[in-house]
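What the coordinates show
Each chain, letter by letter, is given below.
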Amino acid sequence: MIRLLLSVCLVIFVISLGAQDKGIANNADTLSNRQLEEVIIRAYGGRHRLLTIPASVGVISTSEIRNQAYHGLPVLLNLVPGVYAHQGTLNTNRITIRGIGARVPYATARIRSAIDDIPLTNGSGYSMVEYVDPSFADHIEIAKSPNIPAHGASLGGLVLLSTLPSERVQNTHNYQLTAGSFGFQQHQARITHNHSNKAVGKLMLSMGNSGGWRENNSHRRYFGGYSGRFRPNPKTEISTLVLLQQMKAYIPSSIDSAAFYNNPRSAAANWKKTKGYEDGRRLVAGITLEQQLAKEFQLKATFYGLDAKEEELRPFDRFNENRQLAGFRMQAGRTFRMEEKQIGLRAGTESFVEKVMFGNRANADGAGSLGDSISHNRELIRSVAYFAHAEYKTHASYITTGLYAQKLNNSFTNRAIMQNLLVNDTYRTAWNFSPRIAINQKIGKAMYAYASLSHGFAPPSLQETLDSQGQLNPEIKPETSRTYDAGLRVISEKAGLFADITTFYLDIRNLLVAERIDADRWVGRNAGRAAHKGVEALLTWNVTETPWPQLSHLKMKANLTAGDYRFVDFIDRGTNHSGKQVPGIPRLSGGVSLEARHNSGVNGKAVLEYAGKMAMNDSNTKSSKPYALLHFMGGWSGKINKINIAFNAHLLNATNAHYASMILVNAPGQRNQRWYYPGLPRHFQLSIRIGFNS
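Computed from a prediction, not measured in an experiment: that's the story for all the values here. (Residues numbered from 1 in each chain as written. Predicted model: local features only at pLDDT ≥ 70, side-chain atom pairs only at ≥ 80, totals over all residues. Heavy atoms only, no water.)

1. Considering the pattern of salt bridges
A side chain with one charge may pair with a side chain of the opposite charge, provided their charged atoms come close. Within the structure shown, the criterion is met by 26 salt bridges. Put simply, Lys144 and Glu536 hold a salt bridge, and the shortest N to O gap is 3.1 Å. Residue Lys144 is located in the loop between β8 (139-143) and β9 (147-148), and its partner Glu536 is located in strand β30 (residues 528-542); the two are separated by 392 residues in the primary sequence. Glu536 shares its class with Lys144; the two are buried. Note that Glu310 and Arg282 form a salt bridge whose closest N and O atoms lie 2.9 Å from each other. Remark: Arg282 occurs in strand β17 (residues 277-294) and Glu310 occurs in strand β18 (residues 297-313); sequence separation between them is 28 residues. In this structure Glu310 comes out as buried when scored by relative accessible area, which is 15%. Here Arg282 falls in the buried class, since its relative accessible area comes to 6%. Connected through salt bridges with shared partners, the residues Arg98, Lys144, Asp485 and Glu536 form a single ionic network. (Salt bridge = Lys/Arg side-chain N within 4 Å of Asp/Glu carboxyl O. Helix = DSSP H or I, 4+ residues; strand = E, 2+ residues; numbered from the N terminus. Buried < 20%, exposed > 50% of the residue type's maximum accessible area, 1.4 Å probe, protein only.)

2. Regarding the packing of aromatic side chains
In total, this model carries 13 aromatic pairs according to the counting rule given. Considering the side-chain rings of Tyr386 and Trp431, the 6.1 Å spacing of their centres and the 35 degrees angle between planes classify their relative orientation as tilted. Of the two residues, Tyr386 is situated in strand β21 (residues 370-393) and Trp431 in the loop between β23 (421-428) and β24 (432-444); the sequence distance between them amounts to 45 residues. Exposure remark for Tyr386: the relative accessible area of 46% places this residue in the partly exposed category. (Phe/Tyr/Trp six-rings, centres within 6.5 Å; stacked < 30°, edge-to-face > 60°.)

3. Things to note about the side chain of Thr163
Within the secondary structure, Thr163 sits in the loop between β11 (158-162) and β12 (172-180). One polar contact links Thr163 to Asp116, side chain to side chain, over a distance of 2.5 Å. Here Ser227 takes part through its side chain, which lies 2.7 Å from a polar atom of the side chain of Thr163. (Polar contact = N/O pair within 3.5 Å; in protein donor to acceptor, adjacent residues only side chain to side chain.)

4. Some points on the sheet that holds strand β6 (residues 112-115)
Spatially, the five strands line up as an open sheet ordered β3-β8-β11-β6-β7, and their pairing is mixed. In the strand order of this sheet, the two ends are held by β3 (57-60) and β7 (118-119), each with one partner. (Pairing = 2+ DSSP bridges.)

5. As for the nonpolar core
Counting residues in each nonpolar core, the largest one holds 86 residues, and the members touching the most others are Ile115, Ile140 and Leu161. If you tally residues by element for this core, the top one is strand β16 (residues 236-250), at four residues. Formed by 15 residues, the second largest nonpolar core is a distinct cluster that contains Ala43, Leu50, Ile53 and Ala114. (Core = buried A, V, L, I, M, F, W, Y, C linked by side-chain atoms within 4.5 Å.)

Next up, the structure:
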């Protein structure tokens, strides 16, 4: 049904042609530092200027999103200091922030994600942010703090996709076709509307497929999304969001060292034999009401829901999961203004209920023949949270403090049919309290210093609360973290320079260790403590005066993350790993880019990415090799008979570097351990975008 709906709508859009979006809100990668001063950050609730926010926040701009070759969200996130994303395939990713989440197998956890006001983190703690087509976002914010009262608490931070178009958006239509190596093809149609600034919105539809460069690596995906806001009067705003996504992706899985170096295109033999795949369909929807009840008093309420169906064929079974989640968030705020001072107070609550039905059947011959049922399971996850936030602002200072409190109940029924085992129980957490305090101080004409102290936590998933017999382990505790960071932002309008440098220290306790006890079964244990510390830096230079007057734009950007991530006190099954490096995260990573635009509309960009070696297991006996990737992009944009046209070409991994785009931390087994997901070799993408303003 989703496929038919998207196909019909896409045909209509192709006939109507299209145009490039205009009037997008300013963000961190627009042309001038004057505009940079007006960058608006929404992650911490309300609207805050980037320069004055008392936190380390990365921003991926509209231009970066639109001009990036399509490889999904994780590749974009690697542009941000403090963030490192593994990408095995389009449907196998692991996003980390300051090393948090690096040891989670096959998925993103321990950090939160959201799209506008709607969470994309399910009740089990796993993020679904990579299932959103990144080009649907206006911009992306990465808040590197475990406690963000407006969006909840985690261990590492928040990835927030902002989709709402600004009031300056025009009525446009556009269509884009992209094709590339390994049979890659994508059609995308987009329309934006603006009715007297009272109703603005955008609708995007896309279809894509690829044969994949590895064996058993093809995929097919469909995406549709609408985001809009309606203002019936000056005191009321209603925002809506609807997302539909379907993707069937075959799984080559990880491979061992011999295959990685000698035949990286190969799939794991057992996954190739069974033609393993993941087929998922997801619907996310929400509505937000913002109402000004009195002068300086606001009320905001969001109602949201999720429906997701997953099927995965694996060498050992076929797994099915259905999730339905419904929740709401409500907050009230009051602002007090006194001459040049301002005090803001906000408080609210959030609650959700999620029902999960999952089970599996045997893959009888390892080639896809379904056998007897193995298990039928049910979860009912209920969460209640309260939060409060206060802020004090002057022309030079911004001080904020907040508290987030959550209680979680997970009632479950596990029925292991072959073992004739039935378990009914409930895992309950005590109230988890996470405070935060932060300050930003202007210390010069164009210099801002900031510091923060915050606490976060991450409850265990259902698997991590059970022992090897499927019984509840009441001793399991949530992981907790204390984060200390301090930074400095400097901006020079005359020189076109912006710099942001941050030092951080994370104290993580009650580390959860995932111990594999079967092909797809883990149990969790609290095993110790870790310390993550380092420095992250961002430098951008918008060259205001060049020796070539025909260049309308010249910009350089560099980012660097240097960290030391170690176990402080960590004993796993009798082995002492204290003092070892936390696996799955490079100690040094970064990148440099240079982009230019000619007055004729010709543009080009070169990007160099680097990731240092990283430990691959807790004992640090295995390490990956460092790698550097070089990418080139060139194109032209302009008008022909009032039709906007843009051509772009991408040459990716131009040096054909051999590297692992994802590693499987603590790969099981004693021989032929499958550590590696090989990264794409040299490849290209070509795109054309056409359209008009109505």
